[in-house]
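Survey of secondary and tertiary structure
In case you want the letters, here they are:
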Amino acid sequence: MDSLLDQVGGAKFVNRTVSEFYEAIGRHLSSYETCDHRKQQSRQAQFLNHALSEQPEPDRSSRASFLARGLNPALFDALLEYLEERLVELGFPWQLSTNLVQTASSLYGGCEQDLSIAC
């Protein structure tokens, strides 16, 4: 069975969709915010590609935690909402879209707990 990442078209699709999200919100940002959002865009794309890959790591893996570190939780939630709606808009089954978002959200939630403890 293909990974979630393969089912949606691979890393290219994820990277392009994350880019679209940041282009849409980028029209309303200052230059300082734009710089931070470029970092968020890169980090979020990496995290999603990792979370949806063929062999995603357990919630508390060092790779997942490293990628989650520095993610803005509000932006990540907004991105997941955008991604879920975008997949349905493109004709992907609703269940696949929901499963993808739940998988990414669960991995991030597990990593975020570890990050909270460290603070």
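Thresholds applied
Counting of residues starts from 1 at the beginning of each chain's written sequence and follows it residue by residue. Residues qualify for local features only when their pLDDT is at least 70, as the model is predicted, and side-chain atom pairs are given and counted only at 80 or more; totals for whole chains, interfaces and linings, by contrast, use all residues. Only heavy atoms go into the side-chain values, all of them from the structure, while hydrogens and water stay out. To qualify as a helix, a DSSP run of H or I must reach at least 4 residues; to qualify as a strand, a run of E must reach at least 2; elements of each kind are numbered from the N terminus. Accessibility here uses a 1.4 Å probe with only protein chains present; expressed as a share of the type maximum, an area under 20% marks a residue as buried, one over 50% as exposed, and anything in between as partly exposed. By the convention used here, residues are in contact when the closest approach between their heavy atoms is within 4.5 Å. Each accessible area is a Shrake-Rupley estimate made with a 1.4 Å probe; only the visible protein chains count as cover when residues are assessed. We define a salt bridge as a contact between a side-chain nitrogen of Lys or Arg and a carboxyl oxygen of Asp or Glu at a distance within 4 Å. Take the residue count of a helix, subtract one, and multiply by 1.5 Å to get its expected span. By construction, the arc corresponds to the directions joining the helix axis to the C-beta atoms. Polar contact is the term for a pair of N or O atoms within 3.5 Å; when the atoms are in protein, one must be able to donate a hydrogen and the other to accept it, and sequence-neighboring residues count only if both atoms are side-chain atoms. Per residue, pLDDT captures the predictor's confidence, and it can take any value from 0 to 100. Angular values range over 0 to 180 degrees, each being the angle between N-to-C directions of two axes fitted as lines to C-alpha atoms, with helices fitted over their stretch in contact. Note on angle classes: values under 35 degrees are labelled roughly parallel, values over 145 roughly antiparallel, values of 65 to 115 roughly perpendicular, and the remainder oblique. By convention the crossing between two helices is left-handed if the near helix lies anticlockwise of the far one by an angle smaller than a right angle, and right-handed if it lies clockwise.

Description of the overall build of the protein chain
- When helices and strands are tallied, the protein chain shows six helices and zero strands.
- Mapped from its N terminus to its C terminus, the protein chain presents α and β elements in the order α-α-α-α-α-α.
- With 119 residues in all, the protein chain has 37% of them scored as buried.
- For the protein chain, contacts bridging at least 24 residues in sequence account for 73% of all contacts bridging at least 6.
- Carbon and sulfur atoms make up 51% of the accessible area of the protein chain, which amounts to about 6900 Å² in all.

A closer look at the pattern of salt bridges
- Applying the stated criterion across every chain, the model contains two salt bridges.
- Between R86 and E20 there is a salt bridge, with the nearest N and O atoms lying 3.0 Å from each other. Highlighted residues: R86 in helix α5 (residues 73–89) and E20 in helix α2 (residues 10–26), separated in sequence by 66 residues.
- For E20, a relative accessible area of 23% gives the class partly exposed.
- Several salt bridges converge on common partners, so that one network encompasses E20, R86 and E89.

Let's talk about the environment of E54
- Mapped onto the elements of the fold, E54 is located in the loop between α3 (31–51) and α4 (62–68).
- As a C-alpha pair, E54 and D6 span 48 residues in sequence and 7.9 Å in three-dimensional space.

Things to note about α5
- Taking 1.5 Å as the rise per residue, α5 with 17 residues should run 24 Å; its terminal C-alpha atoms sit 24 Å apart, in good agreement.
- Buried within α5 are the following residues: L75, F76, L79, L80, L83, R86 and L87. End-on view of α5: buried residues confined to an arc of 140 degrees, all on one side of the axis. Looking at α5, the residues exposed on the side facing more than 90 degrees away from the buried face are A74, E85 and E89.
- If you check the start of α5, you find a side-chain oxygen 3.0 Å away from the backbone N of A74, and it comes from N72.
- Following α5 by one or two positions, G91 has its phi on the positive side, about 100 degrees.

Quick look at the confidence of the model for the protein chain
- On average, residues of the protein chain score 83 in pLDDT, and 87% of them reach the 70 mark or higher.
- No element of the protein chain has a lower mean pLDDT than α4, at 76, and none a higher one than α5, at 93.
- Confidence over residues 114–119 falls short of pLDDT 50; this stretch has four contacts with residues more than four positions distant or in other chains.

Focus: the packing of α2 against α3
- It is the contact of α2 with α3, at a shortest axis distance of 9 Å, that shows an interaxial angle of 150 degrees. The orientation of α2 relative to α3 falls into the category roughly antiparallel. As α2 runs across α3, the sense of the crossing is right-handed. Between α2, through A11, V14, N15, V18, S19, Y22 and I25, and α3, the contact on the second element is made entirely by H37, Q40, Q41, Q44, A45, L48 and N49.

Remarks on α2
- The end-to-end C-alpha separation of α2 is 24 Å, in line with the 24 Å expected for 17 residues at 1.5 Å each.
- Within the span of α2, buried status applies to G10, F13, V14, T17, V18, F21 and Y22. The buried residues of α2 all sit within an arc of 165 degrees when viewed along its axis, so they share a single face. The exposed residues of α2 that point more than 90 degrees off its buried face are K12 and E23.
- Those residues of α2 that are buried lie in contact with α1 (4–7), α3 and α5.

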